[in-house]
Each structure stands twice: as C-alpha cells, then as structure tokens.
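Structural overview for review
Each chain, letter by letter, is given below.
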Protein chains: 2
Amino acid sequence: MDEFQLIKSLTGRLPTPHQDVQVGVGDDAAVVRATSPLVMTTDTMVEGVHFLPTTITDYNLGYKSLAVSVSDIAAMGGKPRFALVSLAIPPGWDENRLGQLYDGFREITERFGCDVIGGDVVSTSGPFVVTTTVIGEAERPILRSGAQPGDVLFVTGMLGGSSAGLEVLQGITSVSHIGQALLAQRHQHPEPRVAVGHLCAEIGVHALNDISDGLASELNEISAASHVRCVVHAEQIPVMPEVKELARSKRVNPLGYALYGGEDYELLGAAPPRVFARLLTAASMINVPIRQIGRCEAGDGVVMRDETGRLAVIEAKGYNHFKRDTDVDTDRL
Amino acid sequence: MDEFQLIKSLTGRLPTPHQDVQVGVGDDAAVVRATSPLVMTTDTMVEGVHFLPTTITDYNLGYKSLAVSVSDIAAMGGKPRFALVSLAIPPGWDENRLGQLYDGFREITERFGCDVIGGDVVSTSGPFVVTTTVIGEAERPILRSGAQPGDVLFVTGMLGGSSAGLEVLQGITSVSHIGQALLAQRHQHPEPRVAVGHLCAEIGVHALNDISDGLASELNEISAASHVRCVVHAEQIPVMPEVKELARSKRVNPLGYALYGGEDYELLGAAPPRVFARLLTAASMINVPIRQIGRCEAGDGVVMRDETGRLAVIEAKGYNHFKRDTDVDTDRL
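Residues numbered from 1 in each chain as written. Chains lettered and ligands numbered in written order. Predicted model: local features only at pLDDT ≥ 70, side-chain atom pairs only at ≥ 80, totals over all residues. Heavy atoms only, no water.

For chain A, the name recorded in an unreviewed UniProt entry is Thiamine-monophosphate kinase, with Alicyclobacillus dauci as its organism. Reading the Sequence similarities (unreviewed entry) entry of the UniProt record for chain A gives the comment "Belongs to the thiamine-monophosphate kinase family." (UniProt positions renumbered as here; feature names shortened; annotations may be inferred.)

If you want it as structure tokens, here you go:
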C-alpha cells in the first residue's frame, strides 16, 4: 500500500466533513469557510518523550494528540472547527495500528464537531511523531493577559490525575484498582473543556489558560502576561481523591501533582467576582465543576498560602518538555 | 535555556507580524483575521528521509520546509497568510543551528508576506522533524479536478533540477561548477510560484497542482481527479539544461528527472486555449516562463508521445515518501 492508498484508507475512517469544508483531504490544500477571528494552535508529541507504547494505546494516542490542541482552542474560548494531522511513522507500524490511531482521531473530532481536513504521512527511522494543528473560531478570544487585580482565580474539574496516572501506567506506584483505572483514564483520555471555555468567553472572563504544564506554570504565565500577583490557597486547589491516596502511599504532598504534574487539560481562569458568580451557575448547568482557588492582586509573581497562613512563592518549574530527558520522566515533583 | 526562553529567542528573529495577527506566538493559540475561503496545508520533513545535513544547510532547511507548504497554497491559487511550525529536536542541535533554521523561516515568510503565528518545540531521541502548516486565502480556489477535454496542459519554469541537484549534493555525479551550483540551488531553495498561481485563479485556469512528486505523478492526479486523459509531448517538457548535461554524462534519459524526480515545486495546470493565451501574456509580465506540454482529451490515464510519434503510458510512480527507504534515495528514476 503506498502513501496515497494508505491516506485514503485511513481518512475513510473519519466522519464526513461538515458543509463548510469545501475540499478536504486529497488536493494540494483543503478549502474551508470560517468566521474570523480565527484561533490556531499546533502541538507535537514524540514517542519516548511524551508517551510510550506502555503508557498509551494507539487509539488513545490518536485521541489525546488532537485533544491537547483542542484544549488550546478551548483555552481561548473558541470552538474547534478544522484539524490537520501529520505523522512520522517508524517501521513496524502497520495499517492496523494506524487504523486504531485514526479511530482515536475520529472520537475527538466527532465529539467536538471538528473536521480533519488534511495531513501528511511520512516514514521515519526514529520514534513515532504526531503533529496536530487545530483551527477554531472565537468571537471573543480570551487571552492570558487580561487578568486584573481583584479577579477571582478559578479552575475547572480536579487536578493532578494525569501525572499520577502516568505513574500508575508505568507500574511505579499502586492505588486501588478503581483508582488506577480513573488515573490512567485521566492521563490517556483528557477531556478538553470546550463548552465551559466558550461560556467563559460569552460571560466575560478576563483571562484563561489550559493546564498543560501544571498549575504552577499556568499561574505564572497569567501573572507575567497580565502583570498581576496571583495568590492561591493550598486547601482550595481541587486535587483528585485518587491522587491524594497515591500521594499518601508515597508519603509525598499531593499538591505536587496538581502544581507540577501537568497534562490535566483543565482550565485556569481569572474573572471579576460578579462574572465568576455567573460562570459558576452556567457551568453547573453543563455539569462542569468550577472552584475558586485564589485571587489576583496588584503586584507580580505567584504565592500560595497554606492552612497555617504561611505564604510560599510558587515558581513556574512546571512540566517542560524541552528540559526533560528523552525518556518519559517519572520524577517531576 | 528552557523551552519558553528558546521560543522567545527564536521568534525574535522573525519579522513583526502583519496587522491581521491579533495574537501571535505566546498564548494558548494565535488569533488572526482572514477572509474565506481559506486554504490550509501541512507538511512534515524528517532527517534521513527528506534531507541530510550533507544535502541541505540549516538555513535552507528552514526556508524549504515552509516553501513546500507555501507551494501547496500557490497550487490552489491562494495567498499564504499564516504559518505554524513544529520542531522535534535531537540532542546536538544548539541555539546557533536553530537560529539558522529560523533565519530561513524569516526569508520565506518575509518574501511571501506570511506570518509565523505559532508552533511547538519539543525534544526527540530520533532524527530532526519539522512540520509546517500554512493557511492562506483563495478567493477562487483552483482544484485538481477541474480539467476538461480540450484544455491545454502547461507547466511553469524548468523541471528536473531538484532531483539532479540532490545527486550533485551527494557527490554522486558531476557537471560543471556553475551547473552544480544551479542544481543544488534548485534542490535546496525552491521558488514557490505564488504570484503565477494567483494569476491562474484570476484568469480562470481549470486545474492546478504543484510538482512535488514529479510530473508523472501530478499528471496522473489531475487525470484521475478530473476524469480526463492527459496527452503530453516529450519534446515540449522543459528540462533544465544542467539536468540534460548531467543525464548525458550518466547516459540516462533527462526526462526521468522531470517525470519522476519530484520537488521542483513548479506548477502544472490545465486551461482552455483562450485562458492559456491570456496566462502566457500575464505571466511573461512577471517573468515566469510558461510552456504548453500537451492537451487534455476525453478518456483517462496519462500518455506521452515521443519525437517519433510513439505513445507510452506514464504511470504515477513518482516520488513517494512512504514507499522509500529511510535513507535519502538516489535511485528514483
């Protein structure tokens, strides 16, 4: 099977594109209609750096590789519309494995109404590399630079599960069977917060980031871009119960997973108190838990107050792909 | 230097984005304004498959990796507007080499008025991988499916230079010094035909492809997509004189380089005779040579007529990255 036949067979597994896709896969470029402002992002995942066959199935790799880009669009308050996917494939990947990968693409694109309109498939002698580009529409894009003193800092969902799940998948640590499954799911199959991101844009949230590099890193990004001081309260940070269980067994601080673990793909935002109150109500109608974790103040930097009232500076020493070893690193805390 | 500092340092080498880029590199996603229809394409180049350090400089790799995507936009009759660039970087690439690569990005984006609005930079234990995504505007996109019986088949520029240049760069063969430089330039620094592609759209060309996989492959694509038979004349195919010189010294048919060499990034089009006549005039004003190479007829397939009048079927056995060995292949003909 040559490149053209392979692409045809694989794209045949994807849903029929929406009407705004005038030309999808198969010409020199795709042709689409979309409404400005447009939001665009790209992400690359490399085997041995971002995943291993032992830590993710081919299906979930397909799902997750696009989910991380969809999450970036969610963090702008946008709606994902179009995706392009490039693969560098090592020897040993057969059509069956690629089919699984594309079935994962299918799930994420179907769920978020986003069409795969193009891509590239090439061979490599090195590790598997997948690069995803997602283009979305965002009527009112939310930047990370809009936070103001007095804003409430909030997060969606529960944190720490993805990095704890990676440890479980590597067999390094153990929690209950149900806990293992939940944590592994958080690592392999993250849920981009598109609906609540869109709500944030409609309601007027000031600043928004998705938590790809750990809460500490994202807080520092908002602080630096918005020129505000972020003050968070340790006991308000929502950590998954299974992460706490795992942390207890390892005698480490569970907050480490939330602050420095990364890849949770929840949203971190800043909003005036009245806007935050409206968001809480609206988000509860779509069953997305939202929790205040602190406040923005005049100043700079990020500090965390613990239960005793002590303040500690939180550095942006989050999950940084570029500084890491080429092996999946389990020692991120 | 961590990922964030590195990206900042590298993107600092790029030109200031145009006004339609509301947010460039630095947030979860870029924010831009553009007019539909939009055209979008992505390409991946892998060290050892598509290039070697001995066949291309880091500067030209930056230039060429974006040029191949810009060429796809040209082949739609579009204007490139925005680019996203992802790199998987092996150990040993320092900031200096990456700076050279970005200087190459700078040249191609400046020349075509296209802004780098985002990207990703990750590490890899394997070969260097660069993935480029280019988004353009195309008021009247030209598909490969629009050719009709009676249309003139034409190409821009001269063919065969890129694959011959690769042989020169690998030291496999020799031509005159000036010839070597010209052929190497064709391989390392292709010229996307954006202006003439745009002219084709304005004037009403029926079908257009860029010649990335060799003329034989592109003819077969137009034939299959448009349901026409393509009849080309061997003596009308414009082959670079330096390619002919090289072919003579190797005692091979120079047409092989044009038909199966690939990576020339010239345009192949089909247009009614009156449209073709107008295109000839318009293209000569911007100094782009255009040459008729044959005609479309009712039927299917691609045939070539040689000087004696004999017809030979031309198969689409062009340059196919997926079927090739992982080493750069010199034996493509």
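Right, picking up where we left off after that structure.
Cross-referencing UniProt, the feature "domain: PurM-like N-terminal" (unreviewed entry) maps to residues 26–137 of chain A in the present numbering. Secondary structure across residues 26–137 of chain A divides into 31% helix and 37% strand, with the first and last C-alpha atoms of the span separated by 24 Å. (Helix = DSSP H or I, 4+ residues; strand = E, 2+ residues; numbered from the N terminus.)

This part takes up the sheet that holds strand 4 (residues 79–89) of chain A. Sheet architecture is open: six strands sit in the order 5(A)-4(A)-6(A)-3(A)-2(B)-1(B), paired in mixed fashion. Among the strands making up the open sheet, the edge pair consists of strand 5 (115–123) of chain A together with strand 1 (21–23) of chain B. Averaged over neighbouring strand pairs, the angle between their axes works out to 20° when direction is ignored. The sheet contact formed by strand 1 of chain B and strand 2 (residues 30–32) of chain B spans two bridges and is antiparallel. Note on strand 2 of chain B: the bridge partner recorded for Val-21 of chain B is Val-32 of chain B. (Pairing = 2+ DSSP bridges. Axes fitted to C-alpha atoms, helices over the stretch in contact; angles between N-to-C directions.)

Attention now moves to the UniProt feature "binding site: Mg(2+) 5" (unreviewed entry) in chain A. Residues and elements named next belong to chain A. Look at the UniProt record and you will see "binding site: Mg(2+) 5" (unreviewed entry) annotated at Asp-213. Positionally, Asp-213 belongs in the loop between strand 8 (207–210) and helix 7 (215–226). You can call Asp-213 buried: its relative accessible area is 11%. (Buried < 20%, exposed > 50% of the residue type's maximum accessible area, 1.4 Å probe, protein only.)

Turning our eyes to something else, we now look at the pairing of strand 4 (residues 79–89) of chain B. All names here are of chain B. A large share of strand 4 lies buried, amounting to 10 of its 11 residues. Note that strand 4 and strand 5 (residues 115–123) share eight bridges and pair parallel. When the bridges of strand 5 are listed, Ala-83 appears paired with Val-116. Handedness of the crossover joining strand 4 and strand 5 through helix 3 (residues 95–112): right-handed. (Right-handed = clockwise from strand over helix to strand, strands pointing away.)

A few words on the packing of helix 6 (residues 194–203) of chain A against helix 10 (residues 273–285) of chain A. Residue and element names in this part refer to chain A. Contact geometry of helix 6 with helix 10 gives a least axis separation of 10 Å together with a crossing angle of 145°. Here the hand of the crossing between helix 6 and helix 10 comes out right-handed. Facing helix 6, whose interface residues are Val-196, Leu-199, Cys-200 and Ile-203, helix 10 presents Val-275, Arg-278, Leu-279, Ala-282 and Ala-283. (Left-handed = near helix turned anticlockwise from the far one by under 90°. Contact = heavy atoms within 4.5 Å.)

With that settled, consider the interface of chain B and chain A. Chain B puts 66 residues into the contact, and the matching count from chain A is 66 residues. For the pair chain B and chain A, the summed buried area comes to about 5,300 Å², and 60% of that belongs to carbon and sulfur atoms. Along the contact surface separating chain B from chain A lie four salt bridges. Between Arg-144 of chain A and Asp-28 of chain B there is a salt bridge, with the nearest N and O atoms lying 3.1 Å from each other. Linking chain B with chain A are 20 residue pairs in polar contact (both at pLDDT 80 or more). Here the side of chain B that touches chain A takes eight residues from strand 3 (residues 38–46) of chain B, the largest share from any one element. Taken together, the residues that form the side of chain B that touches chain A break down as 32 nonpolar, 20 polar and 14 charged. Here strand 2 (residues 30–32) of chain A runs beside strand 3 of chain B; their pairing, made up of three bridges, is antiparallel. (Buried area = accessible area lost by both parts, 1.4 Å probe. Salt bridge = Lys/Arg side-chain N within 4 Å of Asp/Glu carboxyl O. Polar contact = N/O pair within 3.5 Å; in protein donor to acceptor, adjacent residues only side chain to side chain. Nonpolar A, V, L, I, M, F, W, Y, C, P; charged D, E, K, R; others polar.)

Moving on, we get to the side chain of Glu-242 of chain B. All names here are of chain B. Position of Glu-242 among the secondary structure elements: in helix 8 (residues 241–250). Arg-186 provides the closest opposite charge to the buried, unpaired Glu-242, separated from it by 8.0 Å. Residues in contact with Glu-242, not counting those within four places in the same chain, are Val-175, Gly-179, Leu-182 and Leu-183. (Lys, Arg positive; Asp, Glu negative; His and termini not counted.)

Before going further, it helps to examine the state of the cysteines. Joining two cysteines, a disulfide is a covalent bond between their sulfur atoms. Evaluation of the coordinates by the stated rule reveals zero disulfides over all chains. The thiol sulfur of Cys-200 of chain A is not disulfide-bonded, and the nearest other cysteine sulfur, from Cys-296 of chain A, lies at 14 Å. Relative accessible area serves as the criterion here: at 1%, Cys-200 of chain A is assigned to the buried category. Free cysteine Cys-114 of chain B: the closest other cysteine sulfur is in Cys-200 of chain B, separated by 20 Å. (Disulfide = S-S within 2.5 Å.)

In this description, a pair of aromatic rings is defined by centroid distance and the angle of the planes. All names here are of chain A. Enumeration over the complete set of coordinates arrives at six aromatic pairs over all chains. Ring centres of Trp-93 and Phe-128 lie 4.1 Å apart, and the angle between their planes is 20°; this geometry places the pair in the stacked category. Of this pair, Trp-93 sits in the loop between strand 4 and helix 3 (95–112) while Phe-128 sits in the loop between strand 5 and strand 6 (129–137), and the two are 35 residues apart along the sequence. For the pair Trp-93 and Phe-128, one class covers both residues: buried. Geometrically, the ring pair formed by Phe-154 and Phe-276 is tilted, given 5.7 Å between the ring centres and 35° between the ring planes. On the criterion of sequence distance, the pair formed by Phe-154 in strand 7 (residues 152–156) and Phe-276 in helix 10 is long-range, its members being 122 residues apart. Grouping residues by exposure puts Phe-154 and Phe-276 together as buried. Positioned above the aromatic ring of Trp-93, the side-chain terminus of Arg-97 is 3.8 Å from the ring centre. (Phe/Tyr/Trp six-rings, centres within 6.5 Å; stacked < 30°, edge-to-face > 60°. Lys NZ or Arg CZ within 6 Å of the ring centre and 35° of its normal.)

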